[in-house]
Amino acid sequence: MTDILIVDDDKEIAELIEIYLKNEGYQSIKAYDGLEALNVIEHQRVDLVILDVMMPKLDGLAVCMKIREKQATPVLMLSAKAEDMDKIMGLMTGADDYMVKPFNPLELVARVKSLLRRAYQLNAQLQVNTAPQGIIRIHGLEISKETHLVKVDGQVVHLTSMEFDILYLMAGHPGRVFSAEELYERVWKEGFNGSHNTVAVHISKLRDKLESSGGKFIQTVWGVGYKIEQAMV
């Protein structure tokens, strides 16, 4: 059974989401403030978190950051704020996706399915017990598709599933420039909807994590997109 944690201080919204998820066969756990959400995550396994931003005791941004300190559980963030900066802040804290209230419950379910599908695919790769393959090495950067492990000069770099997919795609085609549109369509696996900020925020977070470990790999080609330079032979 797939367990989804719904975190929202508006009980009517939480119950509405629960109904739609139940219709798709998902089991829900509800929390009504940030501290309660963290307590659930600490004591129970959850497969995905639907997280409201504005909540009492501890807001959704702080909760998301706490989650990312320990795990890569998919996080779908909800907010009544539609401004680009609010979306960017949500993604910068580690959310995998962001929806604005009021939202279409059917779209929310579709995004939940997409995030879960990606997470399940990654978990399946971790469980495969075969000889190492799918390893990319570029200038001290090592990426293993099989183990979902990234290292810079031997130091492990912890990435979210989206960040890993972006890095693996670009590193698998060194020297090639990927536009924001192509990255979105190939990583998110859905039609591009003008979400340049979504891609830019994930690239920024990915670049910061790699550079904090001592590596500068991702280059911005202004007005075109992003690339990783060709590996040395």
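Figured I'd write up the structure that's included with this text. Since the structure is predicted, the reported quantities are computational estimates derived from the model, not experimental observations.

### As for a negative patch on the surface
Negative charge collects at one region of the surface, where Asp-9, Asp-10, Glu-12 and Glu-15 lie side by side. Inspection of the secondary structure assignment puts Asp-10 in the loop between strand E1 (3-7) and helix H1 (11-23). What makes Asp-10 partly exposed here is its relative accessible area of 32%.

### Description of the packing of helix H4 (residues 84-92) against helix H8 (residues 196-212)
H8 packs onto H4 with a crossing angle of 35 degrees between their chain directions and a minimal axis gap of 9 Å. Helix-helix and strand crossings are classified by hand; for H4 and H8 the assignment is right-handed. Of the residues in H8, those touching H4 at Asp-84, Ile-88, Leu-91 and Met-92 are Asn-197, Thr-198, Val-201, His-202, Ser-204 and Lys-205. For the contact of H4 with H8, the per-class residue count stands at four nonpolar, four polar and two charged.

### Quick word on the environment of Val-199
Positionally, Val-199 belongs in helix H8. Taking relative accessible area as the criterion, Val-199 reaches 0% and is therefore assigned buried. In the structure, Val-199 is positioned 19 residues away from Ala-180 in sequence and 6.1 Å away in space, judged by C-alpha atoms.

### Concerning helix H7 (residues 180-188)
Buried residues of H7: Ala-180, Leu-183, Tyr-184, Val-187 and Trp-188, and no others. Buried residues in H7, looked at end-on, bunch into an arc of 100 degrees, giving them a common side.

### So, the sheet that holds strand E8 (residues 149-152)
Taken in spatial order, the four strands make up an open sheet running E6-E7-E8-E9, and their pairing is antiparallel. Here the strands that pair on one side only, and so sit at the sheet edges, are strand E6 (135-138) and strand E9 (155-156). With four bridges joining them, strand E7 (residues 141-144) and E8 adopt antiparallel strand pairing. Each residue of the ladder has a partner; that of Leu-141, found in E8, is Val-152. Here helix H6 (residues 161-171) sits on the sheet and contacts E6, E7 and E8; the angle it forms with E7, its principal contact strand, is near 110 degrees.

### Some words on the packing of H6 against H8
The geometry of H6 relative to H8 is characterised by a closest axis approach of 10 Å and an angle of 80 degrees between their N-to-C directions. By the angle between their directions, the pair H6 and H8 is classed as roughly perpendicular. Each of Met-162, Glu-163, Ile-166, Leu-167 and Met-170 in H6 lies in contact with H8, whose residues at this interface are His-202, Ile-203, Lys-205, Leu-206, Lys-209 and Leu-210. Taken together, the residues of the contact of H6 with H8 sort by class into seven nonpolar, one polar and three charged.

How each quantity is defined
- Residues numbered from 1 in each chain as written.
- Predicted model: local features only at pLDDT ≥ 70, side-chain atom pairs only at ≥ 80, totals over all residues.
- Heavy atoms only, no water.
- Patch = residues over 30% accessible without salt bridge, like charges linked within 9 Å, V, L, I, M, F, W, Y side chains within 5 Å.
- Areas by Shrake-Rupley, 256 points an atom, 1.4 Å probe, with all protein chains shown as cover.
- Salt bridge = Lys/Arg side-chain N within 4 Å of Asp/Glu carboxyl O.
- Lys, Arg positive; Asp, Glu negative; His and termini not counted.
- Charge placed at Lys NZ, Arg CZ, Asp CG, Glu CD.
- Helix = DSSP H or I, 4+ residues; strand = E, 2+ residues; numbered from the N terminus.
- Buried < 20%, exposed > 50% of the residue type's maximum accessible area, 1.4 Å probe, protein only.
- Axes fitted to C-alpha atoms, helices over the stretch in contact; angles between N-to-C directions.
- Left-handed = near helix turned anticlockwise from the far one by under 90°.
- Contact = heavy atoms within 4.5 Å.
- Nonpolar A, V, L, I, M, F, W, Y, C, P; charged D, E, K, R; others polar.
- Arc of directions from axis to C-beta.
- Pairing = 2+ DSSP bridges.
- Parallel < 35°, antiparallel > 145°, perpendicular 65-115°, else oblique.

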